Each structure stands twice: as structure tokens, then as C-alpha cells.
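# An overview of the molecular structure
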Amino acid sequence: MNTIPWQDRPENNNDVMWRYSENPIIDRYAIPSSNSIFNSAVVPFGDGFAGVFRCDNKAVQMNIFAGFSKNGIDWDINHEPIVMQSGNTEMIESAYKYDPRVVFIEDRYWITWCNGYNGPTIGIGYTFDFKEFFQCENAFLPFNRNGVLFPKKINGKYAMLSRPSDNGHTPFGDIWISYSPDMKYWGDHRLVMKPSPFEQSAWQCTKVGAGPIPILTEDGWLMLYHGVINTCNGFRYAMGAALLEENAPDQVKYRTQPYLLGPAEIYEQVGDVGNVVFPCAALHNIEEDKLAVYYGAADTVVAMAFGKLSEVIQFTKDNSL
């Protein structure tokens, strides 16, 4: 098992999750063309890690790039975007790609992203080596965002979380789950979670969306997610957690009333889009009780936060809506 990035909790810090002291780990100008690098996905690969990174260029064209790291913190990101070949379809048109997630299922690494095809929808592709990439049919009709696959089949089918939306900066958003027998045709759509009432938990009262790949624990699927409140200064994004039933993940067992991590540091509050903590990837080691989360900060840079897996689960159960 690859050694995941880790930093112990700072002294006099009682938070469930704490930030990496050297944040941000990826600067907005980490490759020559970039205006910003954020909302990116990381998985163990070989003797290190591989990732798919959202890199907006200086024309603010949105695309995804592959990268590699020995330690999960110091990254070498390709200077050219991923070029897709045909997978299970010849239709690989894409006006833009952003906010990727990556997961290993069975024999390959699957990538989902927000794909521009007459509006935002969920693009799907796969790779075996992070050098050649194959694009498949879009999962859903526009408009949709935040497509997140489960790391194994559920009741014999692939499963994906998503957030149906509209064509713009959606002032609403629920988390749904859909199933597929073949990664091409999707159905059995079920509602998982809605935004909370303002009076109960205002940080997540406008919209919610799935974050990293869910983690299977003894208490069910741990789903980290982002929640949004629409303030007088615009949207504010923070991170929470929920526990879903293992064999029926449309059923929410617990869900955090307080957030786990909200925009408080300067690199989270100030950037192209201020006041954003947007988790897209998580590495974990159950034996060592470690959780390392990658998140986009202020839609500008990539940062990391850490926590004890058992403490995150217990916090979710003890502070549930």
C-alpha cells in the first residue's frame, strides 16, 4: 500500500480536520499556460500517485491534465491537456472539461468530469496508465455536475452520484444516485440528499454536491461533500460528511450539521472565486486511521487537509442533522 501524505494534528488544535501547514500544495501557475489549478483528483498509482487536474488557462478555457507524484504532495503536471480517444462511443465532442474525479474499479481507472456538450453534463472516460485516455458516452443529459463513481459495484451495477443543475451558477442542487450495468446506459435514478433548511444548517442550505470517491467503512459509505450558502457576498462553499447505507446508498444514515472545513485561510477566501473549499479527492488508510483530502481553494489552487478516519465518522454520527 502506498504511504499517503500525512501531517499530525498541530498542538492546541481540536478540529476534526486540520490543514496542511504548507498549503497550498499546487500553485495557480504550476504549469506555463495556467491561470489556476484546482478541483482535482488523485489516486494511488504504481509506487506513488497519479492525478487528473483541472487547469484553466489564461484565456480561462477549462481542461483536464494528467500528473504524477512520488509523495502525493509534490506534483509534476503535464503541460498539455489530456487528449481523448474513442472508448465505447465515437461521440467525444467536448467544449470544456472541469472538476474531475478518479477511481480504480476492477481493471482500470475511471475518470468523471463536468463535460461541455451543449451545456454541462457528466463525462466519463478511462485509462490504464494515465498516458492514453478513452472517452465514453456522457452519463446524463445536460444539465448536471459533480459526477462521482463508487469504487465498486453495488448490487451488481456501477453507481454514480451527481447533482442535476441548470446551465449557469445553479441556485439549487440535490445529490442523486444512478446505476449502470455497463458504464454506458444509466438509470434507476434516486434522490440521496437535499440542502438543509436554513434554520438547521445554513452553510448547506442552497445546494449540496458529492466530493471525493466514497469510502466504504464499517458504518457504511463515508461521503464527503460540499455544501453552499448564498450570502450577500455570493456563494460560500464548505465541506461536510455523510454516512450512507452500504447496499442502499440513497439512504442517508448520518449527516453533519456543522461543517468539517470552511473557508478561513487567505488562500481559501481570496482568489478567482473567493470563499470556496471544494473537496474532489481523498486518500485513506483504514489500518492507520488516516484520511487526506485534496480540495480546491478559492477556485485558484489545490490544498490539503487531514483527519483521523474514525474521528470524522464519530463526529458525523454525533453531530448529525
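A brief report on the enclosed structure follows.

Calculation criteria
Residues numbered from 1 in each chain as written. Predicted model: local features only at pLDDT ≥ 70, side-chain atom pairs only at ≥ 80, totals over all residues. Heavy atoms only, no water. Pairing = 2+ DSSP bridges. Helix = DSSP H or I, 4+ residues; strand = E, 2+ residues; numbered from the N terminus. Axes fitted to C-alpha atoms, helices over the stretch in contact; angles between N-to-C directions. Buried < 20%, exposed > 50% of the residue type's maximum accessible area, 1.4 Å probe, protein only. Phe/Tyr/Trp six-rings, centres within 6.5 Å; stacked < 30°, edge-to-face > 60°. Core = buried A, V, L, I, M, F, W, Y, C linked by side-chain atoms within 4.5 Å. Contact = heavy atoms within 4.5 Å.

### Some remarks on the sheet that holds strand β14 (residues 187-193)
Spatial ordering of the open sheet is given by β11-β12-β13-β14, a layout of four strands whose pairing is antiparallel. The open sheet has two edge strands, β11 (144-149) and β14, and neither has a second partner. Ignoring strand direction, the axes of neighbouring strands in this sheet form an average angle of 30 degrees. Both strand β12 (residues 158-164) and strand β13 (residues 175-180) contribute to a ladder of five bridges, which runs antiparallel. Note on β13: the bridge partner recorded for tyrosine 158 is serine 180.

### Some words on the environment of asparagine 233
Structurally, asparagine 233 can be placed in the loop between β17 (220-231) and β18 (234-244). Residue classification places asparagine 233 among the exposed residues on the basis of a relative accessible area of 64%. Residues asparagine 233 and asparagine 275 lie 42 residues apart in sequence; the distance between their C-alpha atoms is 9.5 Å.

### Remarks on the packing of aromatic side chains
Geometry of an aromatic ring pair is reported as the spacing of the ring centres plus the angle between the planes. In the structure shown here, the tally under the stated rule is 21 aromatic pairs. Ring centres of tyrosine 109 and phenylalanine 130 lie 5.0 Å apart, and the angle between their planes is 55 degrees; on these two criteria the pair is classed as tilted. Taken together, the positions of tyrosine 109 in strand β8 (residues 108-116) and phenylalanine 130 in the loop between β9 (120-127) and β10 (133-135) put the pair 21 residues apart, joining distant regions of the chain. Take tyrosine 109 and phenylalanine 130: they sit in the same class, and that class is buried. When the ring of tyrosine 126 is compared with that of phenylalanine 134, the centres are 5.2 Å apart and the planes differ by 20 degrees; the resulting orientation is stacked. Accessibility classification places tyrosine 126 together with phenylalanine 134 in one group, the buried group. One aromatic cluster is present, built from ring pairs that chain together Phe45, Phe68, Phe104, Tyr109, Phe130 and Phe133.

### Points about the nonpolar core
Within the largest apolar cluster, 35 residues are counted, with the highest numbers of intra-cluster contacts made by Trp110, Leu161, Trp186 and Met223. Here the element with the most residues in this core is β12; it accounts for four residues. Filtering out sequence-adjacent residues up to four positions away, leucine 161 remains in contact with Asn146, Gly147, Val148, Phe150, Ile175, Trp176, Ile177, Val192, Ala210, Pro214 and Met223. Of all hydrophobic cores here, the second largest spans 24 residues; its members include Met239, Ala241, Ala303 and Leu309.

### Some details on the sheet that holds strand β4 (residues 62-69)
Reading across from one edge, β2-β3-β4-β5 is the order of the four strands in this open sheet, with antiparallel pairing throughout. The sheet is open, and its two borders are formed by β2 (34-45) and β5 (76-77), each paired with just one other strand. Where β4 and β5 come together, two bridges link them in antiparallel fashion. For glycine 67, the partnering residue across the bridge sits in β5 and is isoleucine 77.

### Overview of the pairing of β8
Within β8, nine of the nine residues are buried, which leaves the element mostly enclosed by the surrounding structure. Note: strand β7 (residues 97-105) against β8, seven bridges, orientation antiparallel. Following the sheet pairing, arginine 101 is matched in β8 by threonine 112. The antiparallel pairing of β7 with β8 creates a hairpin that spans two residues between the two strands, and glutamate 106 there sits at a positive phi of about 65 degrees. As paired strands, β8 and β9 are joined by eight bridges and run antiparallel to one another. The residue of β9 that forms the bridge with asparagine 115 is threonine 121.

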